[in-house]
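Report on the structure
Here are the chains, one letter per residue:
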Amino acid sequence: MCGRHRLLAGRRTTCAGLPPTATRRGRQRQPEWVRQERYQPSYNKGPQSSGPVLLSRRHLQQDADSSERVLMDMRWGLVPSWFKQDNPSKLQFNTSNCRSDTMLSKSSYKGALLKGKRCVVLADGFYEWQQQSGGKQPYFIYFPQSKDATTDKETEGDEEWKGWRLLTMAGIFDCWEPPGGGEMLYTYTIITVDASKDVSFIHHRQVRAGKGVAGMPAILDGDEAIRKWLDFAEVPTQEAVKLIQPTENIVFHPVSTFVNNIRNNTPECVAAIELGAKKEVKATPSNKGMLGWLKKSQESSPQKKENDLPKWTSQFIQSPSPKKTSADVLQQWLGKQGQPPAKKHKA
């Protein structure tokens, strides 16, 4: 399942990170970006958000070369063209992901797929969660990168692209028209397949006989796979679906549970962490109050040092024991709690 992903590249960088299209007319060109003003980069992109997808230009222009690509901003979560309600949010089922083993049988996807509405969803990588006894551990999964790859690198002219390699996930899109008229809504779903060997440890769902587990996005690795998936006029559906396979060409690292909250959208979402490392306890409203109370009690009962006493006092009498503060009492009590009970001596 792909429930969250990241895409940070700027508009120009996103296009630069894609290989130029070699059309049947012999032209090499970068895909044109349609409605690019709607694009918003994000560290934590979830369903119902918008993002750029690749598709054949012929879907938008009937006389165009089907091998020519365009980049278009669409909403994540497919709304079928046959949906009759006046509000797409009234769709009663989740269409952010589409299992590869049912995409040709479920009505939500079958019609669009048979009409060639295939797309490629772009992302820097995606997040997956491993179920553990203490909760879920998130991982960030992506293509292997060159040493100097970054998400914000720019290129000039025909310079070779050396930035972050974008993940290219197979998807299906559809176009929904409001019953009462209005702007057409373009939406997509990400196709999922069985988890590859390297990331299968993240998923603990039971495998059903003959069906497997749809555990990760169907990733199209290389321009030839992208070309065949998008060129619906030259590559029929039955041929294209053979491209939907798990890939081993991915890497991953664990990240903080900070990404679990969809509202969190900062670099901390994707920063690698060391599993098993001692975690810093975050202050909560309750322990903040306790710490503040202890601090005040210490400040109101300052301990005098021996040097602050008159010289003659230390010569003739013992220095008084420092007055115990609330913090000292609490610390002493905690220490006793950790000690074994004292043995009783018989009389």
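Residues numbered from 1 in each chain as written. Predicted model: local features only at pLDDT ≥ 70, side-chain atom pairs only at ≥ 80, totals over all residues. Heavy atoms only, no water.

Notes on the pattern of salt bridges
What counts here: The term salt bridge refers to a side-chain nitrogen of Lys or Arg lying within 4 Å of a carboxyl oxygen of Asp or Glu. Secondary structure elements are defined from DSSP: runs of H or I of at least 4 residues count as helices, runs of E of at least 2 residues count as strands, and each element is numbered from the N terminus. Relative accessibility thresholds used throughout: buried, under 20% of the residue-type maximum; exposed, over 50%; partly exposed, between the two (1.4 Å probe, protein chains only).
Following the criterion strictly, the structure yields 11 salt bridges and no others. Between Asp221 and Arg165 there is a salt bridge, with its nearest N and O atoms 2.7 Å apart. In this pair, Asp221 sits in the loop between strand 14 (214-217) and helix 3 (223-230) while Arg165 sits in the loop between strand 11 (135-142) and strand 12 (167-176), placing the two residues 56 residues apart along the sequence. Classification of Asp221 by relative accessible area gives partly exposed; the value is 34%. Residues Glu239 and Lys242 are paired through a salt bridge, measuring 3.6 Å at the closest nitrogen-oxygen approach. What makes Glu239 partly exposed here is its relative accessible area of 44%. Within the structure, one salt-bridge network assembled from shared partners comprises Glu32, Arg57 and Glu68.

Digging into the pairing of strand 12
Looking along a regular strand, one sees the side chains alternate between the two faces of the sheet. Which entries qualify depends on this criterion: Criterion used throughout: strands pair if DSSP finds at least two bridges between them.
For strand 12, the tally of buried residues reaches 10 of 10 residues, placing the bulk of the element in the interior. Side chains of strand 12 alternate between two faces, with Leu167, Met169, Gly171, Phe173 and Cys175 and Thr168, Ala170, Ile172, Asp174 and Trp176 buried alike. Bridge count between strand 9 (residues 118-123) and strand 12: six bridges; the pairing is antiparallel. Counted as the bridge partner of Arg118 is Ile172 from strand 12. The sheet contact formed by strand 12 and strand 13 (residues 185-194) spans six bridges and is antiparallel. Looking at strand 13, one finds that Asp174 is bridged to Thr187.

Re helix 2 (residues 107-114)
Selection rule: The directions considered for the arc are those from the helix axis to the C-beta atoms. By the convention used here, residues are in contact when the closest approach between their heavy atoms is within 4.5 Å.
Looking at helix 2, one finds that the buried residues are Ser108, Tyr109, Ala112 and Leu113. Relative to the axis of helix 2, the buried residues are bounded by an arc of 100° and lie together on one face. Buried residues in helix 2 make contact with strand 8 (97-99), strand 9, strand 12, strand 13, helix 3 and helix 4 (237-240). Positive phi appears at Gly116, one or two residues downstream of helix 2, with a value of about 80°.

Side note on the nonpolar core
Threshold: Throughout, nonpolar core names a set of buried Ala, Val, Leu, Ile, Met, Phe, Trp, Tyr and Cys residues whose side chains join them through atoms within 4.5 Å.
Ranked by internal contacts, the top residues of the largest apolar core, which has 63 residues, are Ile172, Tyr188 and Trp229. Ranked by the residues each element gives to this core, the list is headed by strand 12, at six residues. Once residues within four sequence positions are removed from consideration, Ile172 is found in contact with Leu78, Cys98, Met103, Tyr109, Ala112, Leu113, Lys117, Cys119, Thr187, Tyr188, Thr189 and Ile191. Within the second largest apolar cluster, five residues are counted, among which are Val79, Phe83, Leu91 and Leu185.

Comments concerning the packing of aromatic side chains
Inclusion rule: Only rings of Phe, Tyr and Trp enter the pairing, Trp through its six-membered ring, and a pair is recorded when the two centres are within 6.5 Å. The plane angle decides the type: under 30 degrees is stacked, over 60 is edge-to-face, the rest tilted.
A complete count under the given rule lists nine aromatic pairs for this structure. Arranged with centres 5.5 Å apart and planes meeting at 40°, the rings of Tyr142 and Trp164 form a pair that is tilted. Here Trp164 lies in the loop between strand 11 and strand 12 and Tyr142 lies in strand 11, a separation of 22 residues in the sequence. In this structure, Tyr142 and Trp164 share a single accessibility class: buried.

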